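An overview of the molecular structure
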There are 2 protein chains.
Amino acid sequence: MERIPILQMGEFLLVTIQVDMHDRLAMTLQDDLTNRITQTNARGVLIDISALEIVDSFIGRILGNIAKMSQVLDAQTVVVGMQPAVAITLVELGLSLTGVRTALNVEKGMTLLQRSLRRDSGYRVSTPRGFLDGDAQA
Amino acid sequence: MERIPILQMGEFLLVTIQVDMHDRLAMTLQDDLTNRITQTNARGVLIDISALEIVDSFIGRILGNIAKMSQVLDAQTVVVGMQPAVAITLVELGLSLTGVRTALNVEKGMTLLQRSLRRDSGYRVSTPRGFLDGDAQA
């Protein structure tokens, strides 16, 4: 598998990491993601790591880099779906995902992004609002 | 990698297939997906195959089976993100994805699911409506 697909959902981009990351794949992902952010004017990036059973310092650094790159391009990053065992191991190993925000799952991550973008300078985040209002409307 | 993650987005489930499918992985995916549909009352399943460079008869059968199983559980399935080369090969090989609906990308797939569910018996699909209205509101 050569590259990790990036899905556009309204103003957000969604990346699901399922395969073992190696240097080249990580570089490709960074390139693809920064290109997509500029192409699509994305305001947020959601990275789902629910398939990962190990998050080591390498993956941690990649996630941190992606967050920083997105920030420079005016998009915020949230890492979602971390398995409980991964959280335990991260803390036990003393790895902190510096500068990376996390949320329990994609929906909560989207809510977080939307709230955070709404707070910023009155920018109107319209596209995936349904996720916030969904349960109330149903 | 043992299983393919299933992401919940409102009333829809999203599956991104990135790895080569084999028998056991396909079985696991079918089990996981049907369980998640019943747990979450999902009304739609989106399967993103943008990472796949080859769709052979095995994958085609799996997609068809997932669509049928979801249908029985009252959820509709849309396959999204097919690469142009894959579409060409499918037709050249005479493989037809029988019973599987397709859309260009996740957003269009979601729109298709929402329209199709709205049409059904006045059921109110509220959750990811933002995707439909987003551009008009912005």
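Before any of the text, the structure's been laid out above.
Here is a short report on the structure shown in this document. (Residues numbered from 1 in each chain as written. Chains lettered and ligands numbered in written order. Predicted model: local features only at pLDDT ≥ 70, side-chain atom pairs only at ≥ 80, totals over all residues. Heavy atoms only, no water.)

**Side note on the sheet that holds strand S1 (residues 6-9) of chain B**
All names here are of chain B. Applied cut-off: Strands were regarded as paired on the criterion that DSSP finds at least two bridges between them. What counts as a helix is a DSSP run of H or I of at least four residues, what counts as a strand is a run of E of at least two, and both are numbered from the N terminus. Axis definition: a line fit to C-alpha positions, over the contact stretch in the case of helices; interaxial angles, taken between N-to-C directions, run 0 to 180 degrees. Contacts are residue-level and defined by heavy atoms, with any inter-residue pair within 4.5 Å sufficient.
Across the sheet, which stays open at both edges, the five strands sit in the order S1-S2-S3-S4-S5 with mixed pairing between neighbours. On the outer flanks of this sheet lie S1 and strand S5 (101-103), each paired with one strand and no other. Here the strands of the sheet are splayed against their neighbours by 30° on average, with no regard to which way each runs. Running over the sheet, helix H1 (residues 23-40) touches S1, strand S2 (12-16) and strand S3 (44-48) and is turned about 25° from S1.

**A word on the environment of Ile4 of chain A**
Looking at where Ile4 of chain A falls in the secondary structure, it is placed in the segment before strand S1 (6-9). Sequence-wise, Ile4 of chain A and Asp32 of chain A are 28 residues apart; in three dimensions their C-alpha atoms are separated by 8.8 Å. Those residues in contact with Ile4 of chain A that lie beyond four places of it in its chain are Val15, Thr16, Ile17, Val19, Met21, Leu25 and Leu29 of chain A together with Gln18 of chain B.

**Quick look at the pairing of strand S2 (residues 12-16) of chain A**
Within a regular beta strand, the side chains point alternately toward one face of the sheet and then the other, so they alternate between its two faces. Residues and elements named next belong to chain A. Spelled out, the test is: Burial here depends on accessible area, computed with a 1.4 Å probe over protein chains only, as a share of the maximum for the residue type. Under 20% is buried, over 50% is exposed, and the range in between is partly exposed. Seen with the strands pointing away from the viewer, any crossover whose path from the first strand over the helix to the second strand runs clockwise is right-handed.
Among the five residues in S2, five count as buried, and that is most of the element. Where S1 lies against S2, four bridges are found, and the strand directions are antiparallel. Paired with Ile6 across the bridge in S2 is Val15. Alignment of S2 against strand S3 (residues 44-48), held across five bridges, turns out to be parallel. Paired with Leu13 across the strands is Val45, a residue of S3. As for the winding sense of the linkage, the β-α-β connection from S2 through helix H1 (residues 23-40) to S3 is right-handed.

**Here's the deal with unusual backbone geometry**
All names here are of chain A. Backbone geometry places Asp74, a non-glycine residue, at a positive phi of 70°. Note that Asp74 resides in the loop between helix H2 (57-72) and strand S4 (76-80). The partly exposed category is assigned to Asp74, whose relative accessible area is 48%.

**Some details on the sheet that holds S3 of chain A**
Residue and element names in this part refer to chain A. Taken in spatial order, the five strands line up as S1-S2-S3-S4-S5 in an open sheet, and their pairing is mixed. What marks the edges here is a single partner per strand, and that holds for S1 and strand S5 (101-103). Averaged over all neighbouring strand pairs, the angle between strand axes comes to 30°, with direction disregarded. Lying on the sheet, H1 is in contact with S1, S2 and S3; it crosses S1 at an angle near 25°.

**Thoughts on the pattern of salt bridges**
Residues and elements named next belong to chain A. Using the following cut-off: The term salt bridge refers to a pairing of a side-chain nitrogen on Lys or Arg with a carboxyl oxygen on Asp or Glu at a separation within 4 Å.
Per the counting criterion, the structure on display carries four salt bridges over all chains. For Arg43, the salt bridge goes to Asp74, with nearest N and O atoms at 3.6 Å. Highlighted residues: Arg43 in the loop between H1 and S3 and Asp74 in the loop between H2 and S4, separated in sequence by 31 residues. Judged by relative accessible area, Arg43 falls into the buried class, the value being 10%.

**A look at the environment of Gly10 of chain A**
With respect to the secondary-structure elements, Gly10 of chain A resides in the loop between S1 and S2. For the pair formed by Gly10 of chain A and Asp48 of chain A, sequence separation is 38 residues and the distance between their alpha carbons is 17 Å.

**Thoughts on the nonpolar core**
Defined as follows: Buried residues of nine kinds, namely Ala, Val, Leu, Ile, Met, Phe, Trp, Tyr and Cys, make up a nonpolar core once their side-chain atoms join them within 4.5 Å.
By size, the foremost hydrophobic cluster in this structure holds 59 residues, and its most contacted members are Ile17 and Met21 of chain A together with Ile17 and Met21 of chain B. Ile17 of chain B has contacts with Ile4, Leu29, Ile47, Asp48, Ile49, Ala51, Leu52 and Leu63 of chain B, leaving out every residue within four places of it along the chain.

**Description of a positive patch on the surface**
Residues and elements named next belong to chain A. Going by this rule: In this scheme, patches are assembled from residues that exceed 30% relative accessible area and form no salt bridge. Like charges are connected within 9 Å, while nonpolar side chains (Val, Leu, Ile, Met, Phe, Trp, Tyr) are connected within 5 Å. Residue burial considers only the protein chains on display, and all accessible areas are found by Shrake-Rupley using a 1.4 Å probe. Residues counted as positive are Lys and Arg, residues counted as negative are Asp and Glu, and His and the chain ends are not counted. For charged residues, the charge sits on one atom: NZ in Lys, CZ in Arg, CG in Asp, CD in Glu.
Residues Arg101, Arg115, Arg118 and Arg119 make up a contiguous surface patch of positive charge. When residues in the positive patch are grouped by element, the largest group, three residues, is from helix H4 (residues 106-119). Within the secondary structure layout, Arg118 lies in helix H4.

**Some details on the packing of H1 of chain B against helix H2 (residues 57-72) of chain B**
Residue and element names in this part refer to chain B. Applicable threshold: When describing relative orientation, an angle under 35 degrees is termed roughly parallel and one over 145 degrees roughly antiparallel, while 65 to 115 degrees is termed roughly perpendicular and anything else oblique. Crossing handedness follows the turn of the near helix against the far one: under a right angle anticlockwise gives a left-handed crossing, and clockwise gives a right-handed one.
Contact geometry of H1 with H2 gives a least axis separation of 10 Å together with a crossing angle of 15°. As summarised for this structure, H1 and H2 are arranged roughly parallel, according to the angle between their axes. Our pair here, H1 against H2, has a crossing hand that is right-handed. The residues of H2 that touch H1, namely those facing Asp23, Ala26, Leu29, Gln30, Leu33, Thr34 and Ile37, are Phe58, Ile62, Asn65, Ile66, Met69 and Ser70.

Read these as geometric descriptors, not functional statements.
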